[in-house]
Each structure stands twice: as structure tokens, then as C-alpha cells.
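# Observations on the model geometry
Chain by chain, the residues run as shown.
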Amino acid sequence: MAEKPPRVLVRRHALVTRITHWINVLAISLLLMSGLQIFNAHPALYWGHASTFRQPWMSIIMVERGGEPRGQTAIGDLRLDTTGVLGWSGEGARGEKRAFPAWATIPSFKSLADGRRWHFFFAWLFAINGLVYLAWALIGGHFKRDLAPTRAQLSPRHILHEIGTHAQLKFPKGEAARSYNVLQKGTYLAVVLLLLPAMVLTGLCMSPSVNATVPWLIDVFGGRQSARTIHFISASLIVLFVLVHLVMVVASGAWNNIRSMITGRYAIETEARP
Amino acid sequence: MNRRHWIRGAGSVLGAVMLSACDRLNANAQFMRMLRGAEALSMRAQRLIAPRGALAREFSPADISPDFRANGSIDPQDVEYLTLKAGGFSDWRLVIDGLVETPLSLTLDELRGWPARSQITRHDCVEGWSSIGKWTGARLAPLLEKAGLKPEAKFLVFHCADTLDPSLAQGRYYESIDLIDAFHPQTILAYAMNDQPLPVKHGAPLRLRVERQLGYKHAKYVMRIEAVADFAHIARGRGGFWEDRGYEWYAGI
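Just so it is clear, the structure is predicted and the values come from calculations on it, not from any experiment.

When helices and strands are counted, chain B shows 6 helices and 10 strands. Along the first, second and third principal axes, the C-alpha atoms of chain B reach 80 × 45 × 40 Å. Taking all 253 residues of chain B together, 40% fall into the buried category. Partitioning the intrachain contacts of chain B with sequence separation of at least 6 by distance along the chain shows that 68% fall at a separation of at least 24.

Written out as C-alpha cells, the structure reads:
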């Protein structure tokens, strides 16, 4: 029988998950773009407490080559020509010297002052939103019920199997789709408990007032310039996570996933009855 | 193929809409007033958790940056300043006035006789970089006690000798701090950097050090400290050169 298996709608995401998710989408997008604006004010990264201006470990600058302005991204000893995107935007006489291009920053034109206004406003929104989520997930049992991997899920064989099927973009069906698989659980937990908190803490470490109030915190990250570096790396990892997340959303049924994050209802295919 | 084109097209349209929407919001006075609300929140939160006397970290001499960067004015061309510089700042006076009982006028030598403090601290520019330097100068608190602040005095305004924006009549640098920072033990009027007289690019003969805030608060080329009840009447009224150009008055973050 080639009949389509019957589908049932299950309750997938709680209201708090859905609201905090979409606030996060807004806040993280604006934080990223205003953050790139702030980065553009000094497009170089260092390790330690102070800047070693001659030896940033990473920088995005404009260089002249054969009388032509070129964009150059340097990571360690690596020199990449990134003309048009990083270091030098646009073409010829209409080009502009800037690390990240206008389409990636808020505002699109150069303004550190405005970028900071956006960044700190949405940082508050992000932090409050995150605290609401964490408190609810901890007290309401979301972590324990939905995100903590089961013992069976943690067996190396199972994890390898999941990696294999994910790589083929094959996803669990039927009853197995009712809950998160082990890769989802691990990734979400890492983002929620490590990456996003690291973002907040390294951000706070760049505040000289916070440094004076909580002096030990900056030593966790190895100094203010290290904190700025880790802030940037964490932001890059969030971008990576979001890209993979979006690919997975599309590959495992875009409409079903998006609906479940809006209405909470998620369709699964029930197993054919005997 | 079709779907990919569609996604790419939708993505770039969405991106363009979002960007121009953000630029439009950025030009909207009411929206920007809302964003500015975060500054009051940050300041209140930080003042709430920070003990008044919490000290900025002090480093060891080995940590001093060999390449301490100078920003803003690095060689003022104001006639009055050039004259003072040519005379080795012997005619320079620090004036402390405004809402004080006893206005003061001090030479550099006199200032060196006041209770001093040395500190090796990290200087954080709003742009994102940091440099570590050693600063020696007169503590601000004893000077203020000598001048005697009137009860209505709420802020100190630092008037500087350098014009940073020559295109405007109000292009002189100035800054302001509140009394919590004014009486903080690490708030000093520095006349020496790394055991040498303060170099011109770092604000000779005198600069403010207010260690729990970003670099633009640390006014260089200080000429006059005015105690005020508010700073609405000064320049564009936001309490500092960069504040008048959109930056936060509270630069602890």
C-alpha cells in the first residue's frame, strides 16, 4: 500500500520556549550586526590584558597593492585577499575602507556611537530573555524532560548512528520524532548553557566598571583583550550554529518546524497499524 | 535550482528590508531615545552592584604597554595651548571654580605638592583596544575638599585646551563626571606617565584619570574644573565632547 501514513499533531514547544526563541532571533540578529559595527571601530583582536598593536592575532584591514586598495583578512600568519567583502567594500572609486561591509552592520554607515546604543539595548533584552528561559527551563523541568539525553542516547553506537543519518539528512520518523535526538539535545544544551552565557560574560568583561566590581571574572578569560577575542569567536560560533540550525530546519520539514515554533504543534507520522 | 534561487532572492530582499528598516529606525528620534534608555539601566545596575570604592585593577611594572596608543587630540594647535607649551607650562594654571566655596588656581608645581597617587592601570578605548600605563598625579578628592563643593554641586566639568572639532564653535574638548567618581580614590589629575612628565600626545600638562570608565572620559589638556548642578548649558548639553556626538555619558561599559 502506497498510502500516506496518518499524521498526528503533537504538542512540541511550550509557550515560553516559543516566545523566548523569537525574542532571541530578534535580539541575536541585531546584536550580531551592531557588534560588527563596534568591531569595525578597531578591526583587530588580541590575547591578554592589553593590545599588542603590531601583532594582532586577527585583523581585517585595507592594504594597497599595485596602487589598488585591497581588503585583507589576516589570521595568524595567514593573509587572505577579501576585497569586496572584508577590509575593502565595493568597487573602484566607490569603494570604502571598512572591515565588515555595510550590509552586515547596524547602522549600515559607520557609527560606533549608534552601534553601541543598539548593542547595549538589545543586550539587556537578550540577557533578560535568557534569564527567563533558564529559570523556566530549570524550574519547569524543560532541561530534565526535553534536553537531558537519556542513557540509551548516550551510547557511542547510538551517537555514531545519529551522526551518520544526519549526514545523509535522514531524520527520525514516527514515535522517535516526538522528542529531540541526541545531537539536537547536545547542541541545544551547549548553546544554551555554554555559548550564550560565554557571550554575556565576555561582554561584561569588556566593561571597566564590571572589571572593578568583579575582578576575578576577567581572569577566567585571560584579560580584557582575550575577553574581546572570545566574544568574537563565540559570536562566530553562534553564526555557525544558526546556519546549521537553518539547514536542519529546512531539511527536516521547514513548514512543520516553523509551525511548531509558532503554534507549538508538530506533525509526526504515526506508525501504520497492523 | 528554482527553490535555491527563490531562497536566495527572498534572503537578499529580507536582508535589504531589514537593513533599511534599521537605518530608518536609527534616524528616528523616538526610537533612539528608547535605545538610550539602556544607558540609564546599565548605569543604575552597575552602580547598584559596584561598591563606591571598588578599585580598578592595578598591574605590575612588567605589564606596562610599550606602545600605549594616543587618541583624540594628540598635538593641539590652539594658540593659547601653543603659548603655554612654549613656556614649558610655567604660565599654566589649573582653575577649580563654579559651585565651590573657595575657587582655586594652581600652578603645576603647586599641584605636585598635593597628596599624590601612582597607579598602573589599563586604559580601555571605546574603540575596543586597551593599553596599560603608569599614572602619577594629585588625588582629586583633597582638592575638592579644599575648594569646598556647594551642596547644589552634582557634577564636575573638565574644560580642556584642545579643539578636537575645528569645524564648530563648540569644538573644544570637555568632559564631566559625577561626585561618586570625583571622590573615588583612583581618580587623579595625572601630571606624569610611566615616571616621565606627561607627554603632549597624552594630555600635557594634566589629564584626568577616572579608571572605571572608558578612555574618552579621561579628559586631556585640562585647564579648568567647574563644579555644576547640571551641564545642560554647556556646548550641546550632554556633558562631553563625545556625548554631544551620540556616545554615552556613562562610560563604565
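There is more to say, and it comes next.
For chain A, the helix and strand inventory stands at 9 helices and 8 strands. For chain A, the spread of C-alpha atoms along the principal axes amounts to about 75 × 45 × 35 Å. The buried share of chain A, taken over its 274 residues, is 30%. Within chain A, contacts between residues separated by at least 24 positions form 61% of all contacts whose residues are at least 6 apart in sequence.

Chain A puts 31 residues into the contact, and the matching count from chain B is 40 residues. Every element with two or more residues in the side of chain A that touches chain B is listed here: helix 2 (112-139), helix 6 (208-213) and helix 8 (224-251) of chain A. The class makeup of the residues in the side of chain A that touches chain B is 17 nonpolar, 9 polar and 5 charged.

Residues and elements named next belong to chain A. Domains assigned within chain A are domain 1 (7-43 + 103-269) and domain 2 (50-99). With 5 residues of domain 1 in contact, the opposing surface of domain 2 contributes 7 residues. Counted by class, the side of domain 1 that touches domain 2 contains 2 nonpolar, 2 polar and 1 charged residues.

Now for the pairing of strand 3 (residues 58-65) of chain A. All names here are of chain A. Sheet analysis places strand 2 (residues 44-45) next to strand 3, joined by 2 bridges and oriented antiparallel. Following the sheet pairing, alanine 44 is matched in strand 3 by serine 59. Both strand 3 and strand 4 (residues 68-75) contribute to a ladder of 8 bridges, which runs antiparallel. Opposite methionine 62, over in strand 4, you have glycine 71 as the bridge partner. Where strand 3 folds back onto strand 4 in an antiparallel hairpin, the turn is made up of 2 residues, including glycine 66, whose phi is positive at roughly 60°.

The next subject is the sheet that holds strand 10 (residues 222-228) of chain B. Residues and elements named next belong to chain B. Strand order in this open sheet of 5 strands is 2-1-10-5-6, and the pairing throughout is mixed. The outermost strands of the open sheet, each flanked by one partner alone, are strand 2 (104-106) and strand 6 (172-178). Adjacent strand axes in the sheet meet at a mean angle of 15°, parallel and antiparallel pairs treated alike. Inspection of the sheet shows strand 5 (residues 155-163) paired to strand 6 by 6 bridges, in the antiparallel sense. Looking across to strand 6, one finds that phenylalanine 158 is bridged to glutamate 175.

Further remarks concern the sheet that holds strand 2 of chain A. By definition, the strands of a sheet pair up through backbone hydrogen bonds, in either a parallel or an antiparallel sense. As summarised here, the arrangement of the 4 strands in space is 2-3-4-5 (chain A), forming an open sheet in which the pairing is antiparallel. The two strands at the open ends of the sheet, each matched to only one other strand, are strand 2 and strand 5 (78-81) of chain A.

This part takes up the packing of helix 2 of chain A against helix 2 (residues 29-49) of chain B. Each pair of packed helices can be summarised by the angle the axes make with each other and by the distance between the axes. The contact between helix 2 of chain A and helix 2 of chain B brings their axes to 8 Å, and the two run at 65°. Classified by the angle between their axes, helix 2 of chain A and helix 2 of chain B sit roughly perpendicular to one another. Between helix 2 of chain A and helix 2 of chain B the crossing geometry is left-handed. Judged by residue contacts, Arg117(A), Trp118(A), Phe120(A), Phe121(A) and Trp124(A) of helix 2 of chain A engage Met32(B), Leu35(B), Arg36(B), Ala38(B), Leu41(B) and Ser42(B) from helix 2 of chain B. Grouping the amino acids of the contact of helix 2 of chain A with helix 2 of chain B by side-chain chemistry returns 8 nonpolar, 1 polar and 2 charged.

If you look at the biggest cluster of nonpolar residues, it comprises 75 residues, and the most contacted ones within it are Phe158(B), Cys160(B), Leu189(B) and Val222(B). Per element, the largest residue contribution to this core is 9 residues, and it comes from helix 1 (residues 15-40) of chain A. With sequence-adjacent residues up to four places away left out, Leu189(B) is seen in contact with Leu111(B), Gly137(B), Ala138(B), Leu140(B), Leu206(B), Leu208(B) and Val222(B).

Once that is clear, we can look at helix 4 (residues 156-167) of chain A. For the α-helix, the turn length of 3.6 residues means that residues three or four positions removed from each other point alike. Residue and element names in this part refer to chain A. In a regular helix each residue adds 1.5 Å, so 12 residues correspond to 16 Å; helix 4 covers 16 Å between its end C-alpha atoms and thus fits that length. Burial analysis of helix 4 places just 0 of its 12 residues in the buried class, which makes it a mostly uncovered element. With its phi angle positive at about 55°, leucine 169 sits one or two positions after the end of helix 4.

Residue and element names in this part refer to chain A. Positionally, tryptophan 118 belongs in helix 2. Residue classification places tryptophan 118 among the buried residues on the basis of 27 C-beta atoms within 10 Å. When the C-alpha positions of tryptophan 118 and alanine 99 are compared, they lie 19 Å apart, and in sequence the two are 19 residues distant.

What follows is about unusual backbone geometry. The linkage connecting Ile106(A) with the following residue, Pro107(A), adopts the cis geometry, with an omega of -15°. At the junction of Ala204(B) and Pro205(B), the peptide bond is cis and its omega measures out at 5° in the coordinates. Looking at where Pro205(B) falls in the secondary structure, it is placed in the loop between strand 8 (196-197) and strand 9 (207-209). Residues other than glycine seldom take positive phi values, yet Tyr221(B) does so here, at roughly 55°. When you line up the elements, Tyr221(B) lands in the loop between strand 9 and strand 10. For Tyr221(B), a count of 27 C-beta atoms within 10 Å puts it in the buried group.

The subject of this paragraph is the confidence of the model for chain B. With 99% of its residues at a pLDDT of 70 or more, chain B has an overall mean of 95. Two numbers describe this predicted complex: its pTM, 0.94, and its ipTM, 0.93.

About the cut-offs
- Residues numbered from 1 in each chain as written.
- Chains lettered and ligands numbered in written order.
- Predicted model: local features only at pLDDT ≥ 70, side-chain atom pairs only at ≥ 80, totals over all residues.
- Helix = DSSP H or I, 4+ residues; strand = E, 2+ residues; numbered from the N terminus.
- Buried ≥ 20, exposed ≤ 12 C-beta atoms within 10 Å, placed from the backbone.
- Contact = placed C-beta atoms within 7 Å.
- Nonpolar A, V, L, I, M, F, W, Y, C, P; charged D, E, K, R; others polar.
- Domains from an automatic or database assignment.
- Pairing = 2+ DSSP bridges.
- Axes fitted to C-alpha atoms, helices over the stretch in contact; angles between N-to-C directions.
- Parallel < 35°, antiparallel > 145°, perpendicular 65-115°, else oblique.
- Left-handed = near helix turned anticlockwise from the far one by under 90°.
- Core = buried A, V, L, I, M, F, W, Y, C linked by C-beta atoms within 7 Å.
- Expected span 1.5 Å × (residues − 1).
- pLDDT = per-residue confidence, 0-100.

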